[in-house]
Amino acid sequence: MSSPVLPEAPSLHQSIIVLGVLASGSGSNLEAITKAIANGQLQAKIAVVIYNEPDAFAKQRAQKFGIPAILINHRDYKSRKALDLAIINILKQYNADLVIMAGWMRIVTQVLIDAFPERILNIHPSLLPSFKGIHAIEQAFDYGVKISGCTVHLLSLEVDSGKILKQSAVPILDNDKLEDLQKRIQVQEHIIYPEAIAEYALKLSL
Ligand code: GRF
């Protein structure tokens, strides 16, 4: 008698997305992503944090969570391309599936984009395509717009011009000071960045 054909058991394996994070400053987005991983919202692992400013607080946040933090000081490289090659080398060593820019304040070259095509995400504190570049929050505030926000997008060579993955709108209230708007935008960044990573990884079947 032949044995019955059983339905395939559901796989217990859930793939873990390997992230490499680039940060230059405080690292609050890094921490938000780390917490989303810890609470199961994001099935991922941050394999490495690369930071370029020796005193970046992002380094301490990484270490607090036991994530390897590697300093790649841009001042030690003679060109943007040389810097990007050093970054690629580390990201490949750590098998990054996605590269997450979380306050990375260096202009990138095509070399980095080509090494991770459509695999580099960035977050920007405005509703792109409005207010690209630095001081985006100040630009929106000074302009007097009534709604600003934040945008997760794919990295492109032209600054803040890649395909938009997710946005959150943030109102600017009449009595707001710049700091009020900054705080309100960061709250939204910390919500949408982990969500955008999870959604994009799903779309890519990572
Ligand atoms: C964020 O506001 C992000 O939009 C911009 O840089 C800032 C980084 O903040 N690209 P943090 O280092 O994650 O706290």
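Residues numbered from 1 in each chain as written. Predicted model: local features only at pLDDT ≥ 70, side-chain atom pairs only at ≥ 80, totals over all residues. Heavy atoms only, no water.

Undergrad: Hey, could you run me through the overall build of the chain in this one?
TA: Scanning the chain from terminus to terminus reveals six helices and seven strands. Traced from its N-terminal end to its C-terminal end, the chain shows the element sequence β-α-β-α-β-α-β-α-β-α-β-β-α. For the C-alpha atoms alone, the extent of the chain along its principal axes is close to 80 × 45 × 30 Å. Per-residue burial over the chain gives 43% buried out of 206 residues. Summed over its atoms, the accessible surface of the chain is roughly 11100 Å², and 55% of this surface lies on carbon and sulfur atoms. Of the side chains in the chain, 20 bear a positive and 20 a negative charge, and the two mean positions are spaced by 4 Å. (Helix = DSSP H or I, 4+ residues; strand = E, 2+ residues; numbered from the N terminus. Buried < 20%, exposed > 50% of the residue type's maximum accessible area, 1.4 Å probe, protein only. Areas by Shrake-Rupley, 256 points an atom, 1.4 Å probe, with all protein chains shown as cover. Lys, Arg positive; Asp, Glu negative; His and termini not counted. Charge placed at Lys NZ, Arg CZ, Asp CG, Glu CD.)

Undergrad: I'm lost on the pattern of salt bridges in this one. Help?
TA: Side chains that differ in charge, positive against negative, can pair when their charged atoms come close. Applying the stated criterion to the full structure yields seven salt bridges. Ionic pairing is found between lysine 35 and glutamate 31, a salt bridge with its closest N-O pair at 3.1 Å. Of this pair, lysine 35 and glutamate 31 both sit in helix H1 (residues 28-38), separated by four residues, roughly a single helical turn. Residue classification places lysine 35 among the partly exposed positions, given a relative accessible area of 47%. Here glutamate 53 makes a salt bridge to arginine 75, at a shortest N to O gap of 2.8 Å. Of this pair, glutamate 53 sits in the loop between strand E2 (44-51) and helix H2 (57-64) while arginine 75 is found in the loop between strand E3 (69-71) and helix H3 (80-93), placing the two residues 22 residues apart along the sequence. Several salt bridges share partner residues, and in doing so they unite Glu31, Lys35, Arg61 and Lys64 into one network. (Salt bridge = Lys/Arg side-chain N within 4 Å of Asp/Glu carboxyl O.)

Undergrad: What is the right way to read H3 from this model?
TA: The periodicity of an α-helix, 3.6 residues per turn, causes residues three or four positions apart to be oriented the same way. Between its first and last C-alpha, H3 extends 20 Å over 14 residues, near the 20 Å set by a 1.5 Å rise per residue. Within the span of H3, buried status applies to Leu83, Asp84, Ala86, Ile87, Ile88, Ile90 and Leu91. Close packing links the buried residues of H3 with strand E1 (17-23), E2, E3, strand E4 (98-101) and helix H4 (110-115). Asparagine 95 sits one or two positions beyond H3 and adopts a positive phi of about 55 degrees. (Expected span 1.5 Å × (residues − 1). Contact = heavy atoms within 4.5 Å.)

Undergrad: Help me out: how do you make sense of the sheet that holds strand E7 (residues 164-171) in this one?
TA: Taken in spatial order, the seven strands make up an open sheet running E3-E2-E1-E4-E5-E6-E7, and their pairing is mixed. Edge positions in the open sheet fall to E3 and E7, since each of these has one partner strand only. Adjacent strand axes in the sheet meet at a mean angle of 20 degrees, parallel and antiparallel pairs treated alike. Looking at chain direction, E2 and E3 are connected through three bridges and run parallel. Bridge pairing links tyrosine 51 to leucine 71 in E3. (Pairing = 2+ DSSP bridges. Axes fitted to C-alpha atoms, helices over the stretch in contact; angles between N-to-C directions.)

Undergrad: In this structure, what is going on with the environment of isoleucine 134? I would like to understand it.
TA: When you line up the elements, isoleucine 134 lands in the loop between strand E5 (120-124) and helix H5 (136-143). A sequence separation of 10 residues divides isoleucine 134 from histidine 124, and the C-alpha atoms of the two residues are 9.2 Å apart. With sequence-adjacent residues up to four places away left out, isoleucine 134 is seen in contact with Met105 and Gln139.

Undergrad: So what exactly am I meant to see when it comes to the site of the ligand here?
TA: As a matter of local geometry, the ligand sits amid Ser26, Gly27, Ser28, Asn29, Gly103, Ile123, His124, Pro125, Gln186 and Glu189. One of the backbone nitrogen or oxygen atoms of asparagine 29 is found 2.9 Å away from an oxygen atom of the ligand. In the model, a nitrogen atom of the ligand is placed 2.9 Å from a nitrogen or oxygen of the isoleucine 123 main chain. Protein coverage of the free-state accessible area of the ligand, which is 370 Å², stands at 82%. Among the elements of the structure, H1, E5 and helix H6 (178-203) are those that each provide at least two residues to the shell around the ligand. Residues of the shell around the ligand, tallied by class, amount to two nonpolar, seven polar and one charged. (Near = heavy atom within 4 Å. Polar contact = N/O pair within 3.5 Å; in protein donor to acceptor, adjacent residues only side chain to side chain. Nonpolar A, V, L, I, M, F, W, Y, C, P; charged D, E, K, R; others polar.)

Undergrad: Which parts of the structure should I look at to understand the packing of aromatic side chains?
TA: Between two aromatic rings, the relevant description is the distance of the centres plus the angle of the planes. By the definition in use, this model includes one aromatic pair. Taking the ring centre of phenylalanine 116 as reference, the NZ or CZ of lysine 92 above it sits at 4.3 Å. (Phe/Tyr/Trp six-rings, centres within 6.5 Å; stacked < 30°, edge-to-face > 60°. Lys NZ or Arg CZ within 6 Å of the ring centre and 35° of its normal.)

Undergrad: So what exactly am I meant to see when it comes to the packing of H1 against H6 here?
TA: When two helices pack together, their arrangement is given by the angle between the helix axes and by the axis-to-axis distance. For the pair H1 and H6, the least separation of the axes is 9 Å and the interaxial angle reads 50 degrees. Here H1 is positioned oblique relative to H6, judged by the angle of their axes. Considering only the axes of H1 and H6, their crossing is right-handed. Residue-level inspection shows Ser28, Asn29, Ala32, Ile33 and Ala36 of H1 in contact with H6, the latter providing Gln186, Glu189, His190, Tyr193, Pro194 and Ile197. Broken down by class, the residue content of the contact of H1 with H6 amounts to six nonpolar, four polar and one charged. (Parallel < 35°, antiparallel > 145°, perpendicular 65-115°, else oblique. Left-handed = near helix turned anticlockwise from the far one by under 90°.)

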